[in-house]
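Geometric and topological summary
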Amino acid sequence: MSRLTKKIIAIASASAFVSSAAIAADLTVVSWGGAYTKSQVEAYHKPWMAKTGKSIVSEDYGGGIAEIKAQVESGNVTWDIVDVELSDAIRACDEGLLEQIDHSILPPAPDGTPATEDFLPGTLHDCAVANIVWSSVYAYDSSKTRNWNKPTKMADFFNTKAYPGKRGMRKSPKVTLEFALIADGVPVSQVYDVLGTEEGVARAFAKLDTIKDDIVWWEAGAQPPQLLADGEVVFSTAWNGRVFNAKNAEGQSFEMVWDGQIYDLDLWVIPKGSKNKEAALDFLAFSTATEQLAAQASWISYGPARASSVARIGTFHADPSIKMASHMPTAPANFKNALQNDFEFWADNADQLNERFNAWLAK
Amino acid sequence: MAKLPPYTSTGEYIWHYTFRVICGLIFLFLILPILVVLPLSFNVEPYFSFTEGMLSFDPDAYSLRWYEDILRNGMGAPDAPFGWAWLSDTWNNGQWMRAIRNSFFIGICATLLSTALGTLAAIGLSRSEMPYRRLIMSILISPMIVPLVITAAGMFYFYSQIQLSQTYLGVIMAHAVLGTPFVIITVTATLVGFDKSLVRASQSLGAGAVTTFRKVQMPLIIPGVVSGGLFAFITSFDEVVAVLFLASPEQRTIPRQMWSGIREQISPTILAVATLLVILSIILLTVLELLRRRSERLRGITNS
Amino acid sequence: MVDSQTVQLEPITAADGTPLKKKLAQALFRSRVRAVSLVLPLFAFVMASFVIPIIALMWQGVYNDTFSSYTPNLTEKLKVWDGMSQPDEAMYAALVVDLETARADRTIGRIATRVNQEYPGTRSLFTSTARKAKKLKAPFKDSVIKTNKKWDNIEVWRAMKITSQDLTPAFYATALDGRYTANQGFVSQDENRQIYVQLFWRTMMISGTVMGLCLLLGYPVAYLLATLPLRTSNLLMIMVLLPFWTSLLVRTTAWIALLQSQGVINDLLVYVGITADDARFSLIYNMTGTIVAMTHILLPFMILPLYSVMKTIPPSYMRAARSLGATPTKAFIKVYMPQTIPGIGAGGLLVFILAIGYYITPALVGGQDGQLISNMIAYHMQKSLNWSLAAALGGILLAGVLLLYWAYDRVIGIDNMKLG
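Computed from a predicted structure; not experimentally measured.

Rules and cut-offs
Residues numbered from 1 in each chain as written. Chains lettered and ligands numbered in written order. Predicted model: local features only at pLDDT ≥ 70, side-chain atom pairs only at ≥ 80, totals over all residues. Helix = DSSP H or I, 4+ residues; strand = E, 2+ residues; numbered from the N terminus. Rg over C-alpha atoms; globule rule 2.2 N^0.38 Å. Buried ≥ 20, exposed ≤ 12 C-beta atoms within 10 Å, placed from the backbone. Contact = placed C-beta atoms within 7 Å. pLDDT = per-residue confidence, 0-100. Nonpolar A, V, L, I, M, F, W, Y, C, P; charged D, E, K, R; others polar. Axes fitted to C-alpha atoms, helices over the stretch in contact; angles between N-to-C directions. Parallel < 35°, antiparallel > 145°, perpendicular 65-115°, else oblique. Pairing = 2+ DSSP bridges. Domains from an automatic or database assignment.

Re the overall build of chain C
For chain C, the count of helices and strands is 20 helices and 2 strands. Taken over the C-alpha trace, chain C has a radius of gyration of 31 Å; the compact-globule value for 420 residues is 22 Å, which it surpasses by more than 25%. Principal axes of the C-alpha set define a box for chain C whose edges measure 95 × 90 × 35 Å. When each of the 420 residues of chain C is scored for burial, the buried share is 45%. Restricting the contact set of chain C to residue pairs at least 6 apart, pairs at least 24 apart contribute 65%.

Here is the structure:
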């Protein structure tokens, strides 16, 4: 008997040990980590916690809808609100993995414009509300003395003669294929038409073939600044906000090339069956209000999804001399040759192009 | 070192020492990667290589900052003054601290489960009366053989349907299954050399089945059980594939935390954690060796 | 052990008067029950938490009812369709009804995803037509084709016919770089989308290389350990056991620290002057990295079985061979080596079995050409969410591993597996 008692005590103490680990949070917010999550914590999480007195647990993930699907289908939803890309939001919504969002809960602009008119076109969806516009660009470290002219074009990224060295690219056909076509001389307005044909796909892969041996593939958004800083690569595709923060908050001397940038939305979605749906909706409405979206823009150079917020963009938190407006993907100087990610194209062709991309990688 | 016999030729002398050198290099290949991690984890710079300062043993080139980072990472107020509040902050919010707690909790639970079930099964399997012994044995050992990705994917798929994925119980069950083959193998090994006449002697002296088991069999198989348990524990403690598939962030373990660290931002904090894990495995290895010796002594075997 | 007292050498009857034969059978039966009841808890546990989940997953590789369960009307019609004639009005009508329901239930995405797996590029055809389904009017064939002329393409209908079959070889066909079609049966996949067969071969090749390297490195070490005096060999054994007991991730991290282009080995090479600072070697994030790290991780699994076999070979055999005039090399090859074959078999098979299913190390250090089939299975489980394809790929891998396991059991016997 005494042995059994000992065992019970051991188990009980062990469970007490872990129960302190089980965090009792009122809301679990999931986002992409790094500087981006930090901007959201500062602009959304902290004020919301102060206002409601509730607690938030912030989790990082790497994108995609696999985890959401797993949680919803297992009936054990631990994520309450998730920051996703547009094509994923649409797909998850079509598969019934997300809660529908009634747009009337979104607060109007300070001047009284209803939210449905204040949000930029294409940023409100049945199951998703956009918060920011972000962009894929490529960047380099200007502190490393190199014997070349400043790169200015997407084509320069693919020019290994004039710009020798390794290049970082995201391990995904999305954006990568578009970049290849833009570099190959396809005007941004025709990229998806060309990519929709067999010849176009072959052309994109042929262009990638020219630098294949020089590519270092990255998977998480925090990697490109690291790769550049370590000197592992001379160029890397990256998310513009990450590069901006590495430069202005961490003192790296990175430069971005905006030519051929591909911009996309990040949206809030609520997995179906979230245990804290009310809190999630309240957080969603709070964080996408004019003031919060504008506040976030002072932490990272991603453009707010509301017209009224765009007008209120201020200066960088770490350096008030930097006006954030000119660093947004949508700033006129940066927007000259830009392409919007076509979520419908990717919804249709992601499986097929992923397969081809993987086959191409393995060759 | 063994003396070479007098009839050894010069060629054999040369070969003898060349062979030793080759073996030395292979031992170096085995051990060097593990040893290299240790000094690098004290690097003051966030690099994975020896700096000049480190090579000239400049104390300023070494620091404990990455060990501090294990505690600080994820804290609410990492720069607050050291005290009870700071300790409770790191205990409750530190990402690595959470992973450490999870690893031990899941590891201990899985070990208890797999050791209890595995020991019983090994005793049953060692009896000659057991029907279909070979078939059952091969099924029970198979978790060690089936590729982890298939196991983890199957569990993810099946546990999701019965609401076990993303729970502690699900992860513990997965780890327990993965640990049982080790318990069976080690306990069976101690039972193979078990002298049946001891049982008969105990019975002829009037002991019942339970008493015989407790007083005669148990002490003899205990070293096997404990080393099987250690194997089961290290299996759970080191396992990451099942955790990747089955666990939610709440159940993150040390290897899972290292996995995302390596994939996303490989900082020397990982090396600091790695160093701690190497120390842990040295401790486990020592315990195991002591157990082995004890077992041999008890069973009267002098050389292995 | 009450019965052993009753089983005494009495003629014909036992103490309580029952015939001895019967009594013995009872005793045997009882000890059988006891043995089984000891094994049963674990057996049930392993079945419930391991075997059944794997069978359930494998079942997904041949059975997928996504399409038929969300489009009951259309499935009915597709069943009787021959796959050759033009689809008729009734089929279009059923399509409209099902799309409308699917839109309302938010299951349209699942249907579209499933058909898109068989016929890429059709996803938005389903989602966009479903949005308009409510407004479509009879005759449905014309109005549906008017929303999108792809609906006139018989290939779309053939793809739907394939997906409407619950029990399907389609995923295994994909896993072997083929396609299963409604009109032509099995055909081979477009060349630029073929990947899996090549990946299976590469997995075999890398596993074979790792096994070979482990044998090459493990054999001399095991020999040394087996021939040295026990005290020395026990000390050296630590060098083998410590890596064995050290976390897989720690060892993988260590190799990253050593091999990366700003890592220890490259720094050393630059320092010594073997290579220039801007021409550092790519030692990791490629196949080299995978092979080096996997060899290091699996080497103890080769050394330990080899060692335990070599330990049992009496040194007198070699001496006898020498004294009969054999050269050392000949004595070694003719006398010693053949006796170590069981160890080579055990270690080699174990290393190969473990290598073929490796996932973590290739994922972390494999780069683009060091990925194995396990990585693709994980990709389809977690990223593309094509669980049925993952199950089919897993089924092929599992079949291979079980075959090897069977061979291992046959040749060596799993009871002889030793650890540490």
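Still more to cover.
Side note on the confidence of the model for chain C
Considering every residue of chain C, the mean pLDDT works out to 89; 96% of them sit at 70 or more. Scored by ipTM, the complex comes to 0.89, with pTM at 0.89.

Section: the interface of chain C and chain B
Listed as interface residues are 80 residues of chain C and, on the opposing side, 82 residues of chain B. Counting residues per element, the side of chain C that touches chain B draws most heavily on helix H2 (residues 20-60) of chain C, which supplies 21 residues. Counted by class, the side of chain C that touches chain B contains 59 nonpolar, 15 polar and 6 charged residues.

A short note on the packing of helix H3 (residues 65-72) of chain B against helix H13 (residues 268-298) of chain B
Residue and element names in this part refer to chain B. Close contact between H3 and H13 brings their axes to 8 Å; oriented N to C, the two are set at 90°. One finds that H3 runs roughly perpendicular with respect to H13. For the pair H3 and H13, contact is made by Trp66, Tyr67, Asp69 and Ile70 and by Pro268, Thr269, Leu271, Ala272 and Val273, respectively. Of the residues belonging to the contact of H3 with H13, the class tally is 7 nonpolar, 1 polar and 1 charged.

Brief notes about unusual backbone geometry
The omega angle of the peptide bond from Ala138 of chain C to Pro139 of chain C is -5°, so this bond is cis rather than trans. By the secondary structure assignment, Pro139 of chain C is in the loop between helix H7 (123-132) and helix H8 (140-147). Backbone geometry places Phe57 of chain B, a non-glycine residue, at a positive phi of 55°. Its location among the elements puts Phe57 of chain B in the loop between helix H2 (52-55) and H3. The class of Phe57 of chain B is exposed, set by 8 C-beta atoms lying within 10 Å. At Gln166 of chain B, a residue that is not glycine, the phi angle is positive and equals roughly 65°. With respect to the helices and strands, the residue Gln166 of chain B is situated in the loop between helix H7 (148-161) and helix H8 (168-192). Exposure remark for Gln166 of chain B: the 24 C-beta atoms within 10 Å place this residue in the buried category.

Notes on H3 of chain B
All names here are of chain B. Where H3 is concerned, the buried positions are Trp66, Ile70 and Arg72. The elements touched by buried residues of H3 are helix H4 (84-93), helix H5 (95-125) and H13. Following H3 by one or two positions, Gly74 has its phi on the positive side, about 90°.

A few points about the pairing of strand S11 (residues 319-323) of chain A
Residues and elements named next belong to chain A. Taken across its 5 residues, S11 has 0 buried, putting it largely on the surface. Inspection of the sheet shows strand S10 (residues 315-316) paired to S11 by 2 bridges, in the antiparallel sense. Within S11, the position partnered with Phe316 by the bridge is Asp319.

Examining the environment of Leu224 of chain C
Residues and elements named next belong to chain C. When you line up the elements, Leu224 lands in helix H11 (residues 196-227). Classification of Leu224 as buried rests on a count of 21 C-beta atoms within 10 Å. Distance from Leu224 to Tyr307, taken between C-alpha atoms, is 9.0 Å for residues 83 residues apart in sequence.

Points about the domain arrangement of chain C
Domain boundaries in chain C define domain 1 (3-42), domain 2 (66-165) and domain 3 (197-416). For domain 1 of chain C and domain 2 of chain C, the distance between their C-alpha centroids amounts to 68 Å.

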